[in-house]
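Listed here are the chains, written in short residue letters.
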Amino acid sequence: MLDLQRLKLFLPFLFLLALFGLLGRELFYATPNEPPSVLIGEAVPHFQLPSLFSPSILFTPKTFHGQISLLNVWASWCYACQVEAPMLMKIKDQYHIPVYGIAYKDKAEDAKQWLQAHGNPYALIGSDLKGDVAIDLGVYGTPETFVIDRQGKIIYRHIGVLDQKAWDDVLHPLIQQLQKEKL
Amino acid sequence: MLSHTRLLSFLITLAFFFLSASVFAYNQSEYQFASNNDASRFDNILNETRCIVCQNQTLADSDAPLANDLRDKIYHLVLENKSDAEINDFLTSRYGEFILLRPRLQTSTMTLWFFPFFALLTAFVFLIRLKHK
Amino acid sequence: MIQLAGQLSLSFALMLALLQGLLPLWGSYRDNPYTLAAARPFALGQLALVVIAYVLLTIAFLNSDFMIAYVAENSHASLPFMYRLTAVWGAHEGSILLWILLLNVWTLLFILFEKQNSNLPLVLAILGLISFSFLCFLLLTSNPFAAAVGPQTGHDLNPLLQDPGFVIHPPMLYMGYVGFSVTFAITLAALIRGRLDANWANVARQFAIAAWCFLTLGIMLGSWWAYRVLGWGGFWFWDPVENASLLPWLSGTALIHTLALTEKRGTAKAWSALLALICFALSLLGTFLVRSGVLISAHTFANDPKRGVFLLLLLAILICAALFVYLIRLPQLSSPQKPFVPREIILLVNSILLIVAMLTILLGTLYPLIFDALHLGAISVGAPYFNLVMAPLVLLMMLVMGFAPFCAWQSQLVKRIWQLTWRKCCFCLLIMLIIWLQRMPFMTGISIGLSVWILVSVMSTFRIAPGMAFSHTGFAVFIIGIMLSSSLSTEKEVRLKPGQTTIIGPYQFLFIDTEGTSGSNFRGIRANFEVTKHNRHIVNLSPEKRIYTVRHMVMTKVDIHPSIFRDLYIALGEPYGQDDWSVRLYYKPFIRWIWAGGLLMILGGILGIIQNKKREEQNIHA
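These figures come from a predicted structure and were not determined experimentally.

Chemist: Explain the overall build of chain A to me, please; I cannot follow it from the model alone.
Modeler: Per the secondary structure count, chain A includes five helices and seven strands. In chain A, the succession of α and β elements from N to C terminus is α-β-β-β-α-β-α-β-α-β-β-α. Relative to the globule expectation of 16 Å for 183 residues, the C-alpha radius of gyration of chain A, 22 Å, shows a markedly less compact shape. Here the C-alpha coordinates of chain A stretch approximately 80 × 40 × 30 Å along the principal axes. Per-residue burial for chain A yields a buried fraction of 36% across its 183 residues. Taking as baseline every contact in chain A between residues at least 6 positions apart, the subset at least 24 positions apart corresponds to 73%.

Here it is in structure tokens:
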């Protein structure tokens, strides 16, 4: 009988502990405005985009097979994309990771001009004039960068400017881990 | 008795308002539908989908370019006679359950949907027990 | 200078708050009349110092003293005078200072109205400790007097807050939130003393009604403000911050009703006391949630996890301490064993419905967090869920509300209740039928039928119980407003050039012209419309599109023609060319009834307090 009474006394405190624990945890880990991508772990959804520089060449997910690469969704009208351009160049030149691009709702001329001004880190660029492919990828803003593995599966999505910190803390270790697997 | 008459006349006046007002969903001139059913389905879906860019607005209210694109997509899906569930699947397979403002009934949301009913039941049972003590 | 003086006042206030908190507690433990008597002067001293600090911050805003970081972030030299006054509570730090100020104002009210109360020192002690915690939070993490880094020209107040509605909404809302701290303190003091009697119930109920009135006013003002400012004609969005204000409102309503029961019959003491503690706990939870940044909301404060942790700890300690005292005293809180009477049953049922509604909203608001913590991904629980789930609860509540006035405080046969009500029930069913026959939605029919049921049930009680009569009437009017405005309203989005006309409902809108407009901190375009009905001029409306130059924010300023039976609402969308505009028009019947209903509820609360005072005076003279 005594134990039942004690338990009843503790129950509300346990409930409060759970509530405060939840709130405390979420204070530090919640990113309510940036929901995680639901495509993580799945193959890149099929698309077929004309390449920016030679529209007869088609950019499809087959390109990703056999290597670990980044897919960067960008636009010439997006200010943040300018900010991350040097980092993408660095990833291409210094870290030797292929970077593919999707020009989101960008006129070919504007995109090409932008690349001339800021440099072209992309191995291949697909021109997504209507934004349909971006929607299929669950993109809701630019820039967004996906890490894609050898089988063409999406492993991670980074939202916003890809800076040195994000590269060092998250993406580069992830890529290195992928590189160690199955060779 | 006097108060009853007053109430009745108030209600008759109200009835006139009902007769004069019309009830239809908003008519965005860009999205035309052949059937009213489709139009109201479209409207409902837009009102129950979150705009991922301006996250505090629905797809019906948002001016964001992505909202525009998604409205176009949903418009075409409705024209193709896709069901509500299929349209929701289209949206959630790309943006996750997050995009739906009405959480779908799944094992993980059972608690959410059934809580009020079971809470009421429990409370009333408790009250009846208390009464019989 | 102001900075230093402000910091000093707050620091001294902190010390006084601590003394106000600890000395009477010690005095109560040791039965020392001197330390007990110290409560009041320390409380008054603390109030004075907090007022000084608040006034200093206001002066800093009026003088545009940008050496203070908080002023620099929320004001600008060109900000109009009225908004400079109110920008004091425009962001986190200032709003916490406002919270503390109002806490001390309520303390003053308690001192003034409860001079004779034997628990006064203990209540002041508890209020002092709450104030001390918040002052610590303010000074350690959210100092409004912190110095700005580098020279500043001011970032201007958020344009969404530059509206008359903003002037009054936060203070009223906070008066409500903070008001429940008094019922919390009164209850906790009574629990510590181990005596919960009719006097406790009476005093707690009066302060609960007062707090509830302010909270209702705050919520109504928030809804009205959102309607005017957000540009979409909506008045409630089930936004987490809105839900946070609804939680203490629902439990506050339950508290008021349950305390009536405890006051009259001495039963349900434990439940009333728990509700009193829960109300304030929910106020604190709401304060935390809004500033934490863990939920997606239109109302955002700048978020810092460190601040959030402090606030969470503060909240946790206060609630756990209160719960601890409650559980210890629980065995002694046994109520006399009397058989239930109908009024008692109905008041308890009301409690259940309100608290289940409160818990449902709490669960829905926190669910995305639970999902995230369990690694289930991101989920949204939005308006469609809440509307669906709250509907049956509200309808049940309304049904019960209607029966309440016919349920006696003595034992009564169910047959008797039915005798009194069956005619009225039939009348309401008739109303529902008429509405359904008009092809109106099912929900509208039921809700209006039940609203009429409530109106009819309080018809004869306006003289004997004006508080209940007006509050219930207010609620019925509120529901009628919601249901009619949502089922009868129409909206239209059209593209217009000057000279073109569009029609919505029975009204014609003629787009006359556009002209430039400017204010001290914005410039914009105003579009002029003339509204006519059957060729009779009704009104001229002028919605605007403004750019607030300092923050580079574009704001849509809506124009509304309000009226008892309908609102005409017009907003500018995007421009297509020189004078080619997308325009949104809304025809909203009965939408003013929503806020009118709220005002009636508040009137009911005020009348309830007045009636209680009259009864007290009669008792004294008897």
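Chemist: What is the right way to read the overall build of chain C from this model?
Modeler: Tallying secondary structure elements over chain C gives 18 helices and 10 strands in all. On C-alpha atoms alone, chain C measures out to a radius of gyration of 26 Å, which is about the 25 Å that the 2.2 N^0.38 rule sets for 622 residues. The principal-axis extents of the C-alpha atoms in chain C amount to approximately 80 × 75 × 55 Å. Taking all 622 residues of chain C together, the buried fraction comes to 53%. A separation of at least 24 residues holds for 73% of the contacts in chain C among residues at least 6 apart in sequence.

Chemist: Would you take a moment to explain the interface of chain A and chain B for this structure?
Modeler: It is common to give the size of an interface as the accessible area that goes away when the parts come together. Counting residues at the interface gives nine residues for chain A, matched by 11 residues for chain B. Each residue belonging to the side of chain A that touches chain B can be placed in one class, and the counts come to four nonpolar, four polar and one charged.

Chemist: I tried to follow helix α9 (residues 198-229) of chain C on my own but got confused; where do I start?
Modeler: Because an α-helix packs 3.6 residues into every turn, residues spaced three or four apart end up facing the same way. Residues and elements named next belong to chain C. Taking 1.5 Å per residue as the helical rise, α9 with its 32 residues ought to reach 46 Å, and the 46 Å between its terminal C-alpha atoms agrees with that figure. Burial runs high along α9: 26 of the 32 residues are buried. Immediately downstream of α9, the backbone of glycine 231 shows phi near 85°, a positive value.

Chemist: Explain the domain arrangement of chain C to me, please; I cannot follow it from the model alone.
Modeler: Residue and element names in this part refer to chain C. You can read the domains of chain C as domain 1 (1-162), domain 2 (166-381), domain 3 (386-488 + 592-603 + 607-621) and domain 4 (490-589). Computed from C-alpha atoms alone, the centre-to-centre distance between domain 2 and domain 3 is 23 Å. Counting residues at the interface gives 24 residues for domain 2, matched by 24 residues for domain 3. For the side of domain 2 that touches domain 3, the secondary-structure elements that each account for two or more residues are α9 and α13 (342-373). Broken down by element, the side of domain 2 that touches domain 3 gets its largest block of residues, 11 residues, from α13. Among the residues forming the side of domain 2 that touches domain 3, the class breakdown is 17 nonpolar, five polar and two charged.

Chemist: Sorry, what's going on with unusual backbone geometry here?
Modeler: Peptide bonds are, in most cases, trans, and in most cases residues other than glycine have a negative phi. Omega for the bond connecting threonine 142 of chain A with proline 143 of chain A falls within 30 degrees of zero, at -5°, which places this linkage in the cis form. Following the sequence through the fold, proline 143 of chain A ends up in the loop between α4 (132-136) and β6 (144-148). Even without being a glycine, histidine 375 of chain C presents a positive backbone phi close to 55°. Along the polypeptide, histidine 375 of chain C turns up in the loop between α13 and α14 (383-403). One non-glycine residue, phenylalanine 590 of chain C, lies in the positive phi region at around 65°. Looking at the secondary structure, you find phenylalanine 590 of chain C in the loop between β10 (581-589) and α18 (592-621). Classification of phenylalanine 590 of chain C by C-beta neighbours within 10 Å gives buried; the count is 26.

Chemist: Would you mind going over the domain arrangement of chain A with me for this structure?
Modeler: Parsing chain A into structural domains produces domain 1 (1-30) and domain 2 (49-180). Relative placement of domain 1 of chain A and domain 2 of chain A: their C-alpha centres are 46 Å apart.

Chemist: Would you mind showing me how to read the interface of chain C and chain B here?
Modeler: On the side of chain B, 37 residues touch chain C, which itself brings 43 residues to the contact. Of all the secondary-structure elements, those providing two or more residues to the side of chain C that touches chain B are α13, α14, α15 (414-437), α17 (466-488) and β1 (490-496) of chain C. Here the element with the most residues in the side of chain C that touches chain B is α13 of chain C; it accounts for eight residues. Its residues placed into classes, the side of chain C that touches chain B shows 28 nonpolar, 10 polar and five charged.

Chemist: What is the right way to read the sheet that holds β6 of chain A from this model?
Modeler: Hydrogen bonding along the main chain pairs the strands of a sheet, whether they run parallel or antiparallel. Residues and elements named next belong to chain A. Read from one edge of the open sheet, five strands run β5-β4-β3-β6-β7, paired in mixed fashion. Single-partner strands in this sheet number two, and they are β5 (122-128) and β7 (154-159). Each strand axis lies, on average, 20° off the axis of its neighbour in the sheet, ignoring direction. Note: β6 against β7, five bridges, orientation antiparallel. Considered in β7, the bridge of phenylalanine 146 is made with arginine 157.

Chemist: What is the right way to look at the pairing of strand β4 (residues 99-104) of chain A in this model?
Modeler: Looking along a regular strand, one sees the side chains alternate between the two faces of the sheet. Residue and element names in this part refer to chain A. Extensive coverage of β4 is indicated by the burial of six of its six residues. With burial as the criterion, each face of β4 is covered, one bearing Val99, Gly101 and Ala103 and the other bearing Tyr100, Ile102 and Tyr104. Pairing of strand β3 (residues 69-74) with β4, which is carried by five bridges, proceeds in the parallel orientation. Note that in β4 the partner of leucine 70 across the bridge is valine 99.

Chemist: Honestly, the confidence of the model for chain C in this entry has me stumped. Any pointers?
Modeler: Low-pLDDT stretches of the model should not have their predicted coordinates read in fine detail. On average, residues of chain C score 92 in pLDDT, and 100% of them are at 70 or above. The complex prediction reports pTM at 0.92, with the ipTM value standing at 0.91.

Chemist: Help me understand the sheet that holds β1 of chain C, please; the structure alone is not making it clear to me.
Modeler: Residue and element names in this part refer to chain C. Spatially, four strands are ordered β1-β10-β9-β8 in an open sheet, and the strand pairing comes out antiparallel. Two strands in the sheet have a free side with no partner beyond their single neighbour: β1 and β8 (559-561). Going across the sheet, the axis of each strand differs from the next one's by a mean of 20°, ignoring polarity. As paired strands, strand β9 (residues 566-575) and β10 are joined by eight bridges and run antiparallel to one another. Each residue of the ladder has a partner; that of arginine 566, found in β10, is proline 589.

Chemist: Explain the nonpolar core to me, please; I cannot follow it from the model alone.
Modeler: Soluble, globular proteins show a tendency: their nonpolar side chains are buried together. Ranked by size, the top nonpolar core spans 255 residues in total, and within it Ile100, Val123, Ile126 and Ile186 of chain C carry the most contacts. The biggest single contributor to this core is α9 of chain C, with 20 residues.

Chemist: Help me understand the packing of helix α7 (residues 120-141) of chain C against helix α12 (residues 305-329) of chain C in this model?
Modeler: Between two packed helices, both the angle of their axes relative to each other and the distance between the axes serve to describe the pair. All names here are of chain C. Running from N to C, α7 and α12 cross one another at 170°; their axes reach a closest spacing of 11 Å. Here α7 is positioned roughly antiparallel relative to α12, judged by the angle of their axes. Between α7 and α12, the contacting residues are Ile130, Ser133, Phe137, Leu140 and Thr141 on the first element and Lys306, Arg307, Phe310, Leu311, Leu314 and Leu318 on the second. When grouped by side-chain class, the residues that make up the contact of α7 with α12 number seven nonpolar, two polar and two charged.

Chemist: Hey, could you run me through the environment of leucine 22 of chain A in this one?
Modeler: Within the secondary structure layout, leucine 22 of chain A lies in helix α1 (residues 2-29). Through-space distance from the C-alpha of leucine 22 of chain A to that of aspartate 128 of chain A is 41 Å; in sequence the pair is 106 residues apart. With residues up to four places along the chain from it excluded, the contact list for leucine 22 of chain A reads Leu369, Ile370 and Ala373 of chain C.

Parameters at a glance
Residues numbered from 1 in each chain as written. Chains lettered and ligands numbered in written order. Predicted model: local features only at pLDDT ≥ 70, side-chain atom pairs only at ≥ 80, totals over all residues. Helix = DSSP H or I, 4+ residues; strand = E, 2+ residues; numbered from the N terminus. Rg over C-alpha atoms; globule rule 2.2 N^0.38 Å. Buried ≥ 20, exposed ≤ 12 C-beta atoms within 10 Å, placed from the backbone. Contact = placed C-beta atoms within 7 Å. Nonpolar A, V, L, I, M, F, W, Y, C, P; charged D, E, K, R; others polar. Expected span 1.5 Å × (residues − 1). Domains from an automatic or database assignment. Pairing = 2+ DSSP bridges. Axes fitted to C-alpha atoms, helices over the stretch in contact; angles between N-to-C directions. pLDDT = per-residue confidence, 0-100. Core = buried A, V, L, I, M, F, W, Y, C linked by C-beta atoms within 7 Å. Parallel < 35°, antiparallel > 145°, perpendicular 65-115°, else oblique.

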